[in-house]
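# Structural description and commentary
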Amino acid sequence: MDKGYEKEEFVTISIKASVARKFRKYSKGISKSQSMTLLLMLEFFEHNGIAPTEDLGPRMQTMENLIKKRINGVIAILRDIEKTQTKPTAGMLMALLEPPKKEPMLVEKKQFPDKDKYWK
């Protein structure tokens, strides 16, 4: 028995025999009574705001394209953050943690090899 609908009476709906067979098979497949199966279908269409005559193909493709665009946007934001924040910060930290390089001491160069020659 359907929970919450035990005291309601049954009414008849006229449908074609082939449609009734297909509906009964579908109802058994989802393990619901025929009344509950029909109720679930109606609630699904009402909740999602679609009609059974609508084709979901283009709508789903549109949703997929929208999601892909959003994901590409997020990837672009993450790459920008990496370029402007993460890499420079990591570079500064690495520079701080590296041991200082020893540079050779400055050696005075003699510009005039024979200093006495010119200063006489």
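Residues numbered from 1 in each chain as written. Predicted model: local features only at pLDDT ≥ 70, side-chain atom pairs only at ≥ 80, totals over all residues. Heavy atoms only, no water.

Going by the annotation in an unreviewed UniProt entry, the name recorded for the protein is BfmA/BtgA family mobilization protein, with Autumnicola musiva given as the source organism.

### Some remarks on unusual backbone geometry
As a reminder, the rule being used: Put simply, DSSP H or I for four residues or longer makes a helix, DSSP E for two residues or longer makes a strand, and each gets a number counted from the N terminus. Accessible area is worked out with a 1.4 Å probe on protein chains only. A residue is then buried under 20% of its type maximum, exposed over 50%, and partly exposed in between.
A positive phi angle is found at Ser31, which is not glycine, with a value near 60°. The topology assignment puts Ser31 in the loop between helix H1 (17–29) and helix H2 (34–48). Overall, Ser31 belongs to the exposed group, its relative accessible area being 62%.

### Digging into H2
Stated precisely, the cut-off is as follows: A helix is expected to span 1.5 Å for every residue after the first.
With 15 residues, H2 extends 21 Å between its outermost C-alpha atoms, agreeing within 8% with the 21 Å of an ideal straight helix rising 1.5 Å per residue. Gly49, located one to two residues past H2, shows a positive phi value of around 65°.

### Some remarks on the pattern of salt bridges
For side chains bearing opposite charge, pairing can occur when the charged atoms are close. We apply this condition: Whenever Lys or Arg places a side-chain nitrogen within 4 Å of a carboxyl oxygen from Asp or Glu, that contact is recorded as a salt bridge.
Under the defined criterion, the tally for this structure stands at 1 salt bridge. The salt bridge involving Lys68 is made with Glu64; its shortest N-O contact spans 3.4 Å. Taken together, the residues span about one helical turn, with Lys68 and Glu64 both in helix H3 (residues 56–97) at a distance of 4 residues. Taking relative accessible area as the criterion, Glu64 reaches 42% and is therefore assigned partly exposed.

### Focus: the side chain of Thr37
The cut-off we apply is this: Counted as a polar contact is a pair of N or O atoms within 3.5 Å, where, for protein atoms, one must be capable of donating a hydrogen and the other of accepting one, and residues adjacent in sequence contribute only when both atoms are in side chains. Contacts between residues were defined by any pair of non-hydrogen atoms, one from each residue, lying within 4.5 Å.
Relative to the elements of secondary structure, Thr37 occurs in helix H2. Since its relative accessible area comes to 1%, Thr37 is described here as buried. Only 3.3 Å separates the side chain of Thr37 from the side chain of Ser27, close enough to count as a polar contact. There is a polar contact of 2.8 Å between the side chain of Thr37 and the backbone oxygen of Ser33. Beyond its immediate sequence surroundings of up to four residues, Thr37 is in contact with Phe23, Tyr26, Ser27, Ile30 and Lys32.

### Looking at the side chain of Ser27
With respect to the element layout, Ser27 can be found in helix H1. We classify Ser27 as buried; its relative accessible area is 2%. Ignoring sequence-local partners within four residues, the contact set of Ser27 consists of Lys32, Ser33, Gln34 and Thr37.

### Side note on the packing of aromatic side chains
Threshold: In summary, the pairing rule links any two rings of Phe, Tyr or Trp, Trp by its six-membered ring, whose centres are within 6.5 Å, and it sorts them by plane angle into stacked for under 30 degrees, edge-to-face for over 60 and tilted for everything else.
Tallied over the full model, the rule gives 1 aromatic pair. Ring centres of Phe44 and Phe45 lie 5.6 Å apart, and the angle between their planes is 65°; on these two criteria the pair is classed as edge-to-face. On the basis of relative accessible area, Phe45 is assigned to the partly exposed category, the value being 26%.

### What to know about the packing of H1 against H2
Rule in force here: Axis definition: a line fitted to C-alpha atoms, limited for helices to the stretch in contact. Angles are taken between N-to-C directions and run from 0 to 180 degrees. Should an angle fall under 35 degrees it is taken as roughly parallel, and over 145 as roughly antiparallel, whereas 65 to 115 is taken as roughly perpendicular and any remaining angle as oblique. Gly is put with the polar residues, along with every residue not named as nonpolar or charged; the nonpolar set is Ala, Val, Leu, Ile, Met, Phe, Trp, Tyr, Cys and Pro, and the charged set is Asp, Glu, Lys and Arg.
In contact at an axis separation of 9 Å, H1 and H2 are set at 90° when each is read in the N-to-C sense. Classed by the angle they form, the pair H1 and H2 counts as roughly perpendicular. Contact with H1, carried on its side by Phe23, Arg24, Tyr26 and Ser27, involves Gln34, Thr37, Leu38 and Met41 of H2 and no other residues of that element. Tallied by class, the residues present in the contact of H1 with H2 amount to 4 nonpolar, 3 polar and 1 charged.

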